[in-house]
Amino acid sequence: MNRKIEDLKKVIEESDNIVFFGGAGVSTASGVPDFRSATGLYNRKNDSDFSPEYMLSHDFFVKYPDKFMKYCRENLIIDGIKPNAAHKALAYLEKIGKLKAVITQNIDSLHQEAGSKNVIEIHGNLRDYYCTNCGKTFDLTYVKKFESTVKCDRCGSIVRPDIVLYGESLDQDKISYAISLIRRADVLIIGGTSLVVYPAAGLIDFYRGNKLVLINKETTPRDSRADYLIQGDIAKVMKELVKDL
Ligand code: OAD
Ligand code: ZN
């Protein structure tokens, strides 16, 4: 067995206060594209004159709600996706009392589907939708009844997904909770994230311990902060880590 994984297994065996912070790379093995890899959304050709980053901004949503929703339907709302070994391993670690929470930038709900209970979705999710005028909430089944822009059945205004767009601020309650979990964590596992999007990436700075685990396919700007650095597929690594636990 890889020496680093062996060391890490020991760290996990000995802890009952692990916190996980992850991003899009956690879901790529489930068929959800990430953003910044060569095959990611931001490097994908699309038939629009706008960049994907701009299409996921508040400004774009307000100016072109129809194009925004089309982009969401074609790129973010993916049918039939299932949790992979990384999601399952994290749910298992919580179940056996080792992991306190999953803090995720992902909006795909796959952690919950794998059985994780304490999931903090700092960029929101694609399960919940709301009317931009009256606030009425809707689910994906309602949204799927529409072909393009979704309209509220109470006031007729535009309905949007409960996700955080560029130019919008994060939910302060969620961030405060995430910070308190990370501050108190014994082990912080970070995985499948490029760690370039702030304020999310800044959460790492609240960790005070000496067991910071970073699992990613590519290098990140924060690799030097890691006490345990593993370059590889997080699905495979997490599966190996929980084996025999
Ligand atoms: P990125 O696409 O920026 O980074 C994903 C990282 O995961 C990359 O560094 C990949 O190398 C790595 N990766 C991919 N597959 C992997 C695998 N199987 N195992 C291990 N690593 C893998 O995605 P995020 O960091 O999540 O925000 O991006 C952060 C935010 O930028 C997103 O939440 C989204 C985006 O714009 C908003 O939309 C607000
Ligand atoms: Zn309404």
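From a predicted model like this one, the values you see are computed outputs, not experimental measurements. (Residues numbered from 1 in each chain as written. Chains lettered and ligands numbered in written order. Predicted model: local features only at pLDDT ≥ 70, side-chain atom pairs only at ≥ 80, totals over all residues. Heavy atoms only, no water.)

Some points on the packing of aromatic side chains
So, point 1. Enumeration according to the criterion identifies 9 aromatic pairs in this entry.
So, point 2. A centroid spacing of 5.1 Å and a plane angle of 45 degrees characterise the contact between Phe50 and Tyr64, whose relative ring orientation is tilted. Residue Phe50 is located in the loop between strand S1 (18–22) and helix H2 (52–55), and its partner Tyr64 is located in the loop between helix H3 (58–63) and helix H4 (65–76); the two are separated by 14 residues in the primary sequence.
So, point 3. Ring geometry for Phe60 against Tyr64: centres 5.1 Å apart, planes inclined by 45 degrees, an arrangement best described as tilted.
So, point 4. A residue is classified by how much of its surface remains accessible, and Tyr64, at 27% relative accessible area, is partly exposed.
So, point 5. Put simply, the rings of Phe50, Tyr54, Phe60 and Tyr64 touch in pairs and so form one group of aromatic residues.
So, point 6. Residue placement shows Arg160 over the ring face of Phe61; its charged tip is 5.3 Å from the ring centre. (Phe/Tyr/Trp six-rings, centres within 6.5 Å; stacked < 30°, edge-to-face > 60°. Helix = DSSP H or I, 4+ residues; strand = E, 2+ residues; numbered from the N terminus. Buried < 20%, exposed > 50% of the residue type's maximum accessible area, 1.4 Å probe, protein only. Lys NZ or Arg CZ within 6 Å of the ring centre and 35° of its normal.)

What to know about the site of ligand 1
So, point 1. Around ligand 1 sit 23 residues in total, of which Arg36, Tyr42, Tyr166, Ser194 and Glu218 are the nearest.
So, point 2. At 2.7 Å, a backbone N or O of Phe35 approaches an oxygen atom of ligand 1.
So, point 3. For ligand 1, an oxygen atom lies 2.8 Å from a polar atom in the side chain of Asn216.
So, point 4. Considered on its own, ligand 1 offers 790 Å² of accessible surface; in the complex 95% of this is hidden by protein.
So, point 5. Class assignment of the residues belonging to the shell around ligand 1 gives a composition of 7 nonpolar, 11 polar and 5 charged. (Near = heavy atom within 4 Å. Polar contact = N/O pair within 3.5 Å; in protein donor to acceptor, adjacent residues only side chain to side chain. Areas by Shrake-Rupley, 256 points an atom, 1.4 Å probe, with all protein chains shown as cover. Nonpolar A, V, L, I, M, F, W, Y, C, P; charged D, E, K, R; others polar.)

As for the nonpolar core
So, point 1. If you look at the biggest cluster of nonpolar residues, it comprises 25 residues, and the most contacted ones within it are Phe20, Leu99, Ile189, Ile215, Ile234, Met238 and Leu241.
So, point 2. For this core, the secondary structure elements donating two or more residues are helix H1 (3–14), S1, helix H5 (85–95), strand S2 (99–104), strand S8 (187–191), strand S9 (212–216) and helix H9 (234–242).
So, point 3. No other element matches H9, which puts 6 residues into this core.
So, point 4. Contact partners of Ile189, with chain neighbours within four places excluded, come to Ile12, Ile18, Val19, Phe20, Phe21, Val213 and Ile215. (Core = buried A, V, L, I, M, F, W, Y, C linked by side-chain atoms within 4.5 Å. Contact = heavy atoms within 4.5 Å.)

Things to note about the sheet that holds strand S5 (residues 137–139)
Paired through backbone hydrogen bonds, the strands of a sheet run either parallel or antiparallel to each other.
So, point 1. Taken in spatial order, the 4 strands make up an open sheet running S5-S4-S7-S6, and their pairing is antiparallel. Each edge of the open sheet is held by one strand with a lone partner, namely S5 and strand S6 (150–151).
So, point 2. Judged from the 4 bridges that link them, strand S4 (residues 124–131) and strand S7 (residues 158–163) form a sheet pairing that is antiparallel. Bridging from a neighbouring strand, Gly124 pairs with Ile163 of S7.
So, point 3. Against the sheet, H4 touches S4, S6 and S7, its axis set at about 45 degrees to S7. (Pairing = 2+ DSSP bridges. Axes fitted to C-alpha atoms, helices over the stretch in contact; angles between N-to-C directions.)

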